[in-house]
Amino acid sequence: MLARGAAAWNEWRADRDETPDLSRAGLRGLDLSGFDLSRADLRGADLRGTNLSGANLSGAHLDGANFFKAVLNGADLAGAFLNGAQFLNCAQLVVTRNWQSAFRDEALVCGASIPDRMPSE
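One structure accompanies this document, and this report is about it. Every value quoted in this text rests on a predicted model; they were computed, and no experiment measured them. (Residues numbered from 1 in each chain as written. Predicted model: local features only at pLDDT ≥ 70, side-chain atom pairs only at ≥ 80, totals over all residues. Heavy atoms only, no water.)

### Focus on the pattern of salt bridges
Here's step 1: Tallying each qualifying case throughout the model produces three salt bridges.
Here's step 2: Among the ionic pairs, R13 bridges to D36, the shortest N-O distance being 3.8 Å. Here D36 lies in the loop between α1 (6-14) and α2 (90-93) and R13 lies in helix α1, a separation of 23 residues in the sequence.
Here's step 3: Relative accessible area serves as the criterion here: at 6%, R13 is assigned to the buried category.
Here's step 4: The salt bridge partner of D41 is R43, with a shortest N-O separation of 3.0 Å.
Here's step 5: Taking relative accessible area as the criterion, R43 reaches 31% and is therefore assigned partly exposed. (Salt bridge = Lys/Arg side-chain N within 4 Å of Asp/Glu carboxyl O. Helix = DSSP H or I, 4+ residues; strand = E, 2+ residues; numbered from the N terminus. Buried < 20%, exposed > 50% of the residue type's maximum accessible area, 1.4 Å probe, protein only.)

Right, here's the structure in full:
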C-alpha cells in the first residue's frame, strides 16, 4: 500500500480505524513525505535515508527506529514515542512540528523539557 503513494495511503487510512503495524519494516530510502503514519507501530523500523517531510507521525511508536540520514522537515511528532531511536539528533528533531511533546530520551532534550508521563500504549 505504501508504494501507491501518499494520496492512496492517506485515503486508505481515512477509510479504516486501524493502527498500521510497520514494526521492524524495511522502509530505507523511501519517500514517505506527506504520509499519514499517525499512531503507526514503527518500532525498530529501518528509516535510514527515508524522506518523512510533512508526514504525520503524531502518536506513532518510533521506539528503536533507525533515523540515520532520515529527512524529517515539517513532520508532525506530537505525542510520538522516540525512546531508543537510533541516529536521531537535535538537528533533525528541531525542524519537525510539535517535537517538544514527543516522548524521548535525555539525549534528545534539545533545549525543551521532556513530557513528564508516558500515556498508556
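### Examining the environment of L22
Here's step 1: Within the fold, L22 resides in the loop between α1 and α2.
Here's step 2: For the pair L22 and A45, spaced 23 residues apart in sequence, the C-alpha separation works out to 7.0 Å.
Here's step 3: Contact partners of L22, with chain neighbours within four places excluded, come to L2, W9, L37, D41, L42 and A45. (Contact = heavy atoms within 4.5 Å.)

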